[in-house]
Amino acid sequence: MAAKISETMWTELIIQCFPNPVATSVLFIIIILVCTFGDNIIITISNMDQVENKHFICALLDSCTHAVVGGLIWTIVSVGSEMFTKCKICLQCIWCSLLAASVDIDHFLVARTLDLKEATQIVGRPPFHNTSLILLFILFFVMIIICKRIKSIFSYILILMLVSSVISHHLRDACHRGLWLSPFGHTPLFPAVLYKSLIVILALILRMCYFLVFRLNKVINL
């Protein structure tokens with residue numbers, strides 16, 4: 001009996017989290033297509049010797065792909081939200097896009113130069129690409145939630161946006177260099193199918209977390 005109740009609760013949660021599965025599925029397909037197109041065009045241009053400034057072009061395309069994926073993930077997470085107006089949701093999507101693209105700024109910080117070629121040829125990987133730090137941040141965030149130290153709903157949303165943007169960036173990079181799990185080193189390179197699947201799973205998990213924050217907000221305001 002308890003198992004049936006638990007199954008019913010999970011079913012209701014999933015239905016409430018994804019009231020429009022068709023639109024959500026379309027967004028997932030768009031994310032996969034964006035990742036595929038971005039990866040393929042970057043590889044194609046990087047192998048073309050006749051293209052001038054190809055380092056700049058590839059870096060720009062890579063950042064744009066990160067940005068679009070970050071924005072699309074937050075679109076999936078926040079679509080249909082009653083917590084914010086459509087205008088605020090659009091601003092959140094733009095903010096996630098900027099966050100996802102800005103992770104690569106650590107290349108310039110470590111290289112101590114704005115020269116793109118030098119920034120992309122630094123030894124090792126810069127600190128914002130350390131996935132272990134992000135996992136520790138998530139663990140710390142979970143502990144704070146358990147201890148009920150955060151009162152502001154906006155703080156929850158901001159943390160979800162940060163996790164969404166940075167993790168999606170790391171997963172895309174894992175296709176080329178693996179994940180950096182300090183101090184254990186790097187994972188093997190992720191196949192394209194794996195990293196795209198993980199990005200989809202990330203969006204699903206964040207959507208459920210977002211919905212739970214929404215439920216918490218309603219309880220607080222009762």
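Okay, so let's go over this structure. One numbering rule holds for all chains: residues counted from 1, following each sequence as written. A pLDDT threshold of at least 70 governs which residues receive local features in this predicted model, and a stricter bar of 80 or more applies before side-chain atom pairs are shown or counted, although totals over entire chains, interfaces and linings include all residues. Side-chain numbers come from the whole structure's heavy atoms, not from hydrogens or water.

### Regarding the packing of aromatic side chains
What counts, and what does not: When two rings of Phe, Tyr or Trp (its six-membered ring) have centres within 6.5 Å they constitute a pair, described as stacked for plane angles under 30 degrees, edge-to-face for angles over 60, and tilted for the intermediate range. Helix and strand definitions follow DSSP, with helices as H or I runs of at least four residues and strands as E runs of at least two, each counted in order from the N terminus. Note on classification: 1.4 Å probe, protein chains only; a residue is buried when its accessible area is under 20% of the maximum for its type, exposed when over 50%, partly exposed between these limits.
Counted according to the given criterion, the structure contains one aromatic pair. With a centroid separation of 5.6 Å and an interplanar angle of 85°, the aromatic rings of Trp74 and Tyr210 are classed as edge-to-face. Taken together, the residues span a long stretch of sequence, with Trp74 in helix α3 (residues 54–78) and Tyr210 in helix α9 (residues 192–220) at a distance of 136 residues. With relative accessibility at 0%, the residue Trp74 sits in the buried group. Note on Tyr210: relative accessible area 2%, which makes it buried.

### Here we look at the nonpolar core
Applied cut-off: Nonpolar cores were defined as sets of buried Ala, Val, Leu, Ile, Met, Phe, Trp, Tyr and Cys residues, with membership established by side-chain atoms within 4.5 Å. In what follows, a contact means two residues having at least one pair of non-hydrogen atoms within 4.5 Å.
One finds Ile31, Ile73, Trp74, Ile157 and Ile199 to be the most contacted residues of the largest nonpolar core, which totals 40 residues. Put simply, the parts of the chain that give this core at least two residues each are α2 (21–46), α3, α4 (86–102), α7 (131–147), α8 (153–177) and α9. When residues of this core are assigned to their parent elements, the largest contribution, twelve residues, is made by α8. Setting aside chain neighbours within four positions, we find Ile31 in contact with Val69, Leu72, Ile73, Ile76 and Ile199.

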